Structures are given as structure tokens and as C-alpha cells.
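Chain and residue survey
Chain residues, written in single-letter form:
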Amino acid sequence: MTETAKNRAQDLFDLSGRVAIVTGGAGLLGYYHASILAAAGAHAVLLDLSQAGPACRADQLTSESGQQCLGIDVDITDETSLRHARDRILENFGRIDILINNAANNPKIEDTNGGTWSRLEHFPLEVWDADIRVGLTGAFLSSRIFGAEMVKRGGGVIVNVASDLGVIAPDQRLYRQDGLPEEQQPVKPVTYSIVKTGLIGLTRYLATYWSSANIRVNSISPGGVFNGQPEIFLNRLQQLIPMGRMAKRDEYQGAILFLCSDASSYMTGSNLVIDGGRTCW
């Protein structure tokens, strides 16, 4: 390989000097998204609720990557909170180049009340409203406020984190519990699929809306990540995945770096499915 080719490969993924915002940045996957961008030279900004400790996590990321990173307590459902975050980011770095809409509620099956809480007939309206507000309204507001700064600069990248359950319906057999009547069987709550499907739609809308402003907008639809789930659930799910396993926490970093970098410079409005092959079956 020639030195020119090596330089080209490095340049395609180089994010030096760029400023990348990750909502839900202190969470399970948000931190991994931010860390690969920082490793590529970006200043990562972690936005999250105060109880998640985004400032502490940003200090950790700064120490690990050597890049100046920033953590800000933000409620992404509140425009005023987002504007304050925008002003602080501009004060610190003077620019915004990348936004990853990663924040979302994810109601757990184990939170159900006797198996009925998650079912459509009983799903609480206040939970529906909260999930939609964080997962969809929060992504809309973040895109509007931070995307407007990208428009001013003449370019940028937005990546929406959807899910394989934005492409296919949940297989509710995964959550069944022996001995319970049908009307008490727990299910994956309706809001998760609705939010993730909506993010794919938001991706297509923004990609065409801001095409003339040189803002590329794509989404990823990851499969589930192993996080100590019950063995019975894992055994069932792994039979639905051609690769025979759930993802590791760091296995989406390559896709995130690709979509946020110049390596994907001719890609917009697309949904990148990374699910171990589950949607093939």
C-alpha cells in the first residue's frame, strides 16, 4: 500500500477539530458512540440528565482520549435547556459539526405489573407520552436547535439511533412466561417500536429538507446489546439471529464513525441495519 493510500484511509475517518454532540451520552451505548468519535479526534459533548452524570463521564472520556470533551446536564424535551446547552457548546468550541440523536426511554419488561403493564390494553398513557417526548420530540428539538447551527456553518452530520425494531415488529414470543394466561403475558411495549420507526422517518425528512445546506442525515438500526439478560431470553433471541448472538457494546462504533466521517460523504437519507442478520430471516 502506498503512503498516499494510507493517508487517504486515515483522512476519510479523521474528525480532528470537529464537535460531536451525543444525546443520552452518559448511557449504555451513548458513551461508546462518543468515545469512538473522540478517538478519531472529535471534541465529544455528552448531553444527558443530571442523574446520569454527563460531566463526570466527559471527564473520563477526556482522560481516555486526550481530546477536550464536555458533559452538560440537559433535558432534551425542553427547548430552553437545549438552547443553554447550545450556547455553552459554542462558547467552548465555537462550532457544532455532528449530532447523534441517541437518547430514548426503553421500558423494561421486568417493570411490568403482573405482566399486564406492558400490554397495549393497559399501557399507561403517561408512559406513552413520556417515551414519545424523549425519543421523538427530543430528537426533533435537538435536530432543530443544533441543526440550525450546522446550516449557518454550511454543513454537518446528524445520525439518528433507531433499532431493528424500527424495521421489524417485536417477536413477543421472546418475553413469554410459562404458566401465565394470554392476557397477562408481558410484551415489548408499543412505544419502543413507534419511536424507532419514527426516527427512520425523521431521518428521511431531514435528509431531504437540509440537502441544500450540505447536512447529511442517516440512521442506524442496531440489534440488541448483551447486558446480562436472562438466559431464557438469550436462548430464544439467539435462535432468531443468524450470527447466533447479541451485539457487544462496542460493535456499533465502526458504523457510527463511518456515518459521522467523510467516509460516508455520499450517503444521506439511509438507514444502516446492523443486527447480526436478524432481519434477513
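Residues numbered from 1 in each chain as written. Predicted model: local features only at pLDDT ≥ 70, side-chain atom pairs only at ≥ 80, totals over all residues. Heavy atoms only, no water.

**Remarks on the overall build of the protein chain**
Short version of the rule: Under the DSSP-based scheme used, a helix requires at least four consecutive residues in state H or I and a strand at least two consecutive residues in state E, with every element numbered from the N terminus. It is over C-alpha atoms that the radius of gyration is taken, and the globule rule equals 2.2 Å times the number of residues to the power 0.38. In this scheme, a residue with accessible area under 20% of its type's maximum is buried, one over 50% is exposed, and one in between is partly exposed, where area comes from a 1.4 Å probe on protein chains only. Working rule for contacts: check all heavy atoms of both residues, and any pair within 4.5 Å makes them a contact. We get accessible surface area from the Shrake-Rupley algorithm with a probe of 1.4 Å; when it comes to residues, only the shown protein chains can shield them. Charge assignment in this entry is limited to Lys and Arg as positive and Asp and Glu as negative, and neither His nor the chain termini are counted. By convention, charge coordinates are those of NZ in Lys, CZ in Arg, CG in Asp, or CD in Glu.
Scanning the protein chain for helices and strands turns up 8 helices and 7 strands. Against the globule reference of 19 Å for 281 residues, the protein chain gives a C-alpha radius of gyration of 19 Å, in line with a compact fold. Principal-axis analysis of the C-alpha atoms gives the protein chain an extent of 60 × 50 × 40 Å. Counting across all 281 residues of the protein chain, residues that qualify as buried make up 50%. Of the contacts formed within the protein chain by residues at least 6 apart in sequence, a portion of 76% connects residues at least 24 apart. Total accessible area on the protein chain stands at roughly 13,400 Å², and carbon and sulfur atoms take up 51% of it. In the protein chain, the 25 positive side-chain charges and the 30 negative ones have mean positions that sit 5 Å from each other.

**Quick notes on the pattern of salt bridges**
It is possible for side chains of opposite charge to pair when their charged atoms get near one another. Rules: By convention in these notes, a salt bridge is any Lys or Arg side-chain nitrogen within 4 Å of a carboxyl oxygen on Asp or Glu.
This structure, assessed with the given rule, holds 11 salt bridges. A salt bridge links R18 to D262; the nearest nitrogen and oxygen atoms lie 3.0 Å apart. Of this pair, R18 sits in the loop between helix 1 (3-12) and strand 1 (19-23) while D262 sits in the loop between helix 8 (253-260) and strand 7 (271-274), placing them 244 residues apart in sequence. Among the salt bridges present, the one from R278 reaches D164, with a minimum N-O distance of 3.5 Å. Highlighted residues: R278 in the segment after strand 7 and D164 in the loop between strand 5 (156-161) and helix 6 (190-209), separated in sequence by 114 residues. Overall, the relative accessible area of 4% leaves D164 in the buried class. Through salt bridges that share partners, E79, R83 and R144 make up one connected network.

**Quick notes on unusual backbone geometry**
Residue N214 is not a glycine yet carries a positive backbone phi of 65 degrees. By the secondary structure assignment, N214 is in the loop between helix 6 and strand 6 (215-222).

**Things to note about the sheet that holds strand 2 (residues 43-48)**
Our working rule: Two strands form a pair only when DSSP identifies at least two bridges running between them. Inter-axis angles, ranging from 0 to 180 degrees, are taken between N-to-C directions of lines fitted to C-alpha atoms, where helices are fitted over the stretch in contact.
Taken in spatial order, the 7 strands make up an open sheet running 3-2-1-4-5-6-7, and their pairing is parallel. Both edges of this open sheet fall to strand 3 (70-73) and strand 7, since each of them pairs with a single strand only. Taking each pair of neighbouring strands and ignoring which way they run, the sheet shows an average axis angle of 20 degrees. Against the sheet, helix 4 (residues 79-93) touches strand 1, strand 2 and strand 3, its axis set at about 160 degrees to strand 3. Running over the sheet, helix 8 touches strand 4 (98-101), strand 5, strand 6 and strand 7 and is turned about 165 degrees from strand 6.

**Here we look at a nonpolar patch on the surface**
This is how the line gets drawn: Patches were defined on residues exceeding 30% relative accessible area and lacking a salt bridge, with like-charge contacts within 9 Å and nonpolar side-chain contacts (Val, Leu, Ile, Met, Phe, Trp, Tyr) within 5 Å.
Judged by side-chain polarity, L125, W128 and I194 come together as a nonpolar surface patch covering roughly 270 Å² of accessible area. For W128, the location among the structural elements is in helix 5 (residues 125-153). Exposure remark for W128: the relative accessible area of 31% places this residue in the partly exposed category.

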